[in-house]
Amino acid sequence: MIKIAKEAARAAGEILRRHYGQLEPGAVRQKAVNDFISYVDEQSEAEIISHIKKTYPDHSFLAEESGMQRQNSKYQWIIDPLDGTTNYIHQIPVFAVSIALKYGDDLILGVIYNPLSDELFWAEKGQGAFLNEQPIRVTDKGDLAQSLIATGFPFKAKHLLPQYLEAFAAIFKDCRGMRRLGAAAIDLAYVAAGRFDGFWEIGLSPWDVAAGAVIVREAGGRVSDFWNQSYFLHNNYIVASNGKIHKDLLKRVQRPFPFFIDVHEKDES
Ligand code: IPD
Ligand code: CA
Ligand code: CA
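What comes next is a walk through the structure. Since we're looking at a predicted model, the values are computed, not measured.

**Quick look at the coordination of the calcium ion (ligand 3)**
Coordination sphere of the calcium ion (ligand 3), protein contribution only: E64 (OE), D80 (OD) and L82 (O), at 2.2 to 2.4 Å. Sequence positions of the donors to the calcium ion (ligand 3) reduce to the motif E-x15-D-x1-L. For the pair the calcium ion (ligand 3) and the calcium ion (ligand 2), the metal-to-metal distance amounts to 3.7 Å, and D80 bridges them. Taken together, the positions of E64 in the loop between β3 (60-63) and β4 (67-69) and D80 in strand β5 (residues 75-83) put the pair 16 residues apart, joining distant regions of the chain. Judged by its relative accessible area of 1%, D80 falls in the buried class.

**Examining the sheet that holds strand β13 (residues 198-202)**
In space, the five strands of this open sheet follow the order β12-β11-β13-β15-β14, with mixed pairing throughout. Edge positions in the open sheet fall to β12 (177-179) and β14 (222-224), since each of these has one partner strand only. Adjacent strand axes in the sheet meet at a mean angle of 15°, parallel and antiparallel pairs treated alike. Taken together, the three bridges between strand β11 (residues 148-151) and β13 define a ladder with parallel strand orientation.

**Details of the coordination of the calcium ion (ligand 2)**
The calcium ion (ligand 2) binds to the protein through D80 (OD), D83 (OD) and D208 (OD); the donor distances cover 2.0 to 2.2 Å. Mapped onto the polypeptide sequence, the residues donating to the calcium ion (ligand 2) form the spacing pattern D-x2-D-x124-D.

Quick notes on the rules
Residues numbered from 1 in each chain as written. Chains lettered and ligands numbered in written order. Predicted model: local features only at pLDDT ≥ 70, side-chain atom pairs only at ≥ 80, totals over all residues. Heavy atoms only, no water. Donors = N, O, S within 2.8 Å, 3.2 Å for Na, K, Ca; no water. Helix = DSSP H or I, 4+ residues; strand = E, 2+ residues; numbered from the N terminus. Buried < 20%, exposed > 50% of the residue type's maximum accessible area, 1.4 Å probe, protein only. Pairing = 2+ DSSP bridges. Axes fitted to C-alpha atoms, helices over the stretch in contact; angles between N-to-C directions.

So this is what it looks like as structure tokens:
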């Protein structure tokens, strides 16, 4: 399965690489406010799904652009065919393909491929995490003051901006620096590889985080929601870290978010 996942990620990455910088403005459509899609997202997703289906025709799929394809199988592939679409459109070279596999409720493998740097981050549950063929590990820093933290801005949940900014201030004040790369899969891969010490974001979907979560855990790190539970895949609140600074991050995000608030703005009309 990991072999098929890697092949699919590389084939999709080739599509992203080929069209990078070539998109006509008319090729980009808006799915929702500040949320874009082009034929590249669609081609990449079609390639991944058809590649996996050749070997596993009975498996289920949850993919960002085509949604759920439910089958009578406990295996479900969770796919983001292009994480970092806004970067891609603006020719900022930070984006990736993200593919995970769930068996029942268990995330069992993850692959994140950055086609421009040719970096393939991958992990299978219980087998460790790798960047290409090299084992990777999270950092062992226990001090937030020495930690580099990544985040993402809640551009799809601007009604939560005051709380987000309060959490941002609480972390930023006490850490070495904060980064916003614009691709959650890469943020998580970098936590696993020890480039970042932690990452937190509001408003992400299962396809943004599923592969990264497996890779971070297999690299020795911790992934949870803001309340230290494992619902991050579906409740849109995620904290990932090297484990040692996890409590420090949770404390700071919990102050403005003492409990779950729906990230989807209610339509008042
Ligand atoms: C987005 C990226 C971004 C995050 C967004 C995601 P997309 O994914 O991961 O970093 O802040 O919330 O939606 O739309 O480019 O696949
Ligand atoms: Ca994404
Ligand atoms: Ca995407």
